[in-house]
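Listed below are the residues making up each chain.
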Amino acid sequence: MGIITLLSLENLNKCYINGEFIDSLNGQKIEVFNPANGEVIGTVPDMGKAETEQAISKANLAFKGWSKLTANIRAEFLIKWHDLIIENIDELANILTLEQGKPLAQSKGEILNGVAFIKWFAEEGKRTYGDIVPSNHNGQRIHIIKQPIGVSAAITPWNFPSSMITRKASAAMAAGCTIVLKPSELTPFSALALAKLADEAGIPKGVFNIITGDAKEIGEELTGNDIIRKLSFTGSTAIGKKLYQQSANSIKKLSLELGGNAPFIIFDDANLNDAVDNAMASKFRNSGQTCICANRIFVQSGIYDEFMELFTSKVKALPMGNGFDTGVEQGPMINEQAASNTADKVKKAIEQGAELIIGGQKSEHGDCFYEPTILANVNDKMDIVNAEIFGPVAPIIKFDSEDEVIEKANDTEYGLASYIFTNDLGRSIRVSEALEYGMVGVNNGMLSTEQAPFGGIKQSGIGREGSKYGLDDYLEIKYISIGGI
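Residues numbered from 1 in each chain as written. Predicted model: local features only at pLDDT ≥ 70, side-chain atom pairs only at ≥ 80, totals over all residues. Heavy atoms only, no water.

Engineer: Just checking my understanding: could you explain the packing of helix H4 (residues 104-124) against helix H5 (residues 163-175) for this structure?
Structural biologist: Between two packed helices, the angle of one axis relative to the other and the distance separating the axes together describe the packing. Running from N to C, H4 and H5 point in directions that differ by 5°, and their axes come no closer than 8 Å. Judged by the inter-axis angle, H4 sits roughly parallel to H5. Every residue of H5 that contacts H4 at Glu110, Asn113, Gly114, Val115, Phe117, Ile118, Phe121 and Ala122 is listed here: Ser163, Thr166, Arg167, Ser170, Ala171 and Ala174. Grouping the constituent residues of the contact of H4 with H5 by class yields 7 nonpolar, 5 polar and 2 charged. (Axes fitted to C-alpha atoms, helices over the stretch in contact; angles between N-to-C directions. Helix = DSSP H or I, 4+ residues; strand = E, 2+ residues; numbered from the N terminus. Parallel < 35°, antiparallel > 145°, perpendicular 65-115°, else oblique. Contact = heavy atoms within 4.5 Å. Nonpolar A, V, L, I, M, F, W, Y, C, P; charged D, E, K, R; others polar.)

So this is what it looks like as structure tokens:
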């Protein structure tokens, strides 16, 4: 039996500040719901400005000691945290599925993906190398070093409530920063479970802090407080812009991973079975509620009919239901509003001329369930092509030429993820370089891995997570000029 069980959810109903689990000052609570059945599964503190200030102050005190530890010692704490997460993966996956709804196998996959970032950054923190630069003057040396930026803040989303936390917090902590983190109020228990394990791992007080509550009030304090030197946010472009503006007065360093409108391009020389399987995984994982999922599927005219037949047959076979049920691959959306928003987008697309192939309505499984949907005869004038769908809806667009599809794929304000499927090496290089996106998957529909820099361009954000570049986002470069040698 692990440290955490479903029966102890009531023990995860407090926030984690300075190594202690505490309630809000006003005693107010936020109810958390299971999207599969609408039942209340527990409550968490409804905190605000005062508690956020407290967490920042304690993180600032802790920074003085944590930043002075060697990278090796910080890595030892992170590895203990990593090992405890692995040890308790079944309990953590249960909590994740209970509050977020995704199938249990996907929850375990998320936790494994997220915990890999902890191990990666534990090691990468030992490699914050600097430089010695030759000087133009005798008797002078130029040293360049990297130092932790300071107290950091993070705001994480509900769609990946575990992995979004570990990949932000582990990078900050490995670099020598302390962190104050606000998870989504829709999925706070995954965050508090991770805090419980961080506490068990002996991570010093104030290094890792979790607060839940009013998003506006907490966000304003995180962005307005001068002690916070770095903010990492994953969420919508609209909220990202607001946080960007609010951070301007104190010139914070920012990492913003925002909305996407990913093109999934299948050329007629692709391995069709492989392309369809990847399109299924990319589009319908987490019920389409991912920022990098296939938002527009472009299929070259020579294979369009064959693709539609194969893709439709696989979508029809997707098992839908409660994420705890055996074999389920499609769970509920996060709440009823999300399902209704998806229904509205599909209705508008049909009114604008799209053809409904399959799905197109809420499911009998419950108010938060929306059927996997395919829309054909889609064109770039339709609203559904120009917006982030964030639901299990696949708009299919036919194209003829390479130049045509590159132009259509780039015709968006977003630039996060993109995908191309082709067996032509030259084409894969040409199109990859021409696509205006921070990430390109070539014959690969799954991009997230700890070794690679995850992030976008244009209005999909700034900064990178994962890889050595993700560590740099929590470091400052200092130039030291030494004379009189």
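Let us keep going from here.
Engineer: Sorry, what's going on with the pattern of salt bridges here?
Structural biologist: Any two side chains of opposite charge can pair, so long as their charged atoms come close to each other. The tally for this structure, following the rule as stated, stands at 20 salt bridges. Glutamate 402 is the salt-bridge partner of arginine 430, the closest N and O atoms lying 2.8 Å from each other. With arginine 430 in helix H14 (residues 425-434) and glutamate 402 in helix H13 (residues 402-410), this pair connects stretches of sequence that are 28 residues apart. Classification of glutamate 402 as buried rests on a relative accessible area of 14%. (Salt bridge = Lys/Arg side-chain N within 4 Å of Asp/Glu carboxyl O. Buried < 20%, exposed > 50% of the residue type's maximum accessible area, 1.4 Å probe, protein only.)

Engineer: Honestly, the nonpolar core in this entry has me stumped. Any pointers?
Structural biologist: Generally speaking, a soluble globular protein has its nonpolar side chains buried in company with each other. Counting residues in hydrophobic clusters, the biggest one holds 55 residues, and the most contacted among them are Trp81, Ile85, Met173, Phe189, Ile203, Phe208 and Ile210. Here this core takes 8 residues from helix H6 (residues 188-200), the largest share from any one element. Not counting residues within four places of it along the chain, the set of residues in contact with isoleucine 210 comprises Cys15, Tyr16, Ile17, Leu181, Pro183, Ala191, Leu192 and Ala195. Counting 34 residues, the second largest nonpolar core, distinct from the first, contains Ala275, Ile303, Met439 and Leu447. (Core = buried A, V, L, I, M, F, W, Y, C linked by side-chain atoms within 4.5 Å.)

Engineer: I keep staring at H13 and nothing clicks. Help me out?
Structural biologist: Since one α-helical turn is 3.6 residues long, residues separated by three or four positions face the same way. Buried residues of H13: Glu402, Val405, Ile406, Ala409 and Asn410, and no others. Buried residues of H13, seen end-on, are gathered within an arc of 125° and therefore sit on one face of the element. Exposed side of H13, more than 90 degrees from the buried face: Asp403 and Glu407 are the residues found there. Elements that come into contact with the buried residues of H13 comprise strand E12 (262-266), strand E13 (294-300), strand E16 (393-399) and H14. The residue sitting at the N-terminus of H13 and contributing the capping side-chain oxygen is serine 401; that oxygen lies 3.1 Å from the backbone nitrogen of glutamate 404. (Arc of directions from axis to C-beta. Polar contact = N/O pair within 3.5 Å; in protein donor to acceptor, adjacent residues only side chain to side chain.)

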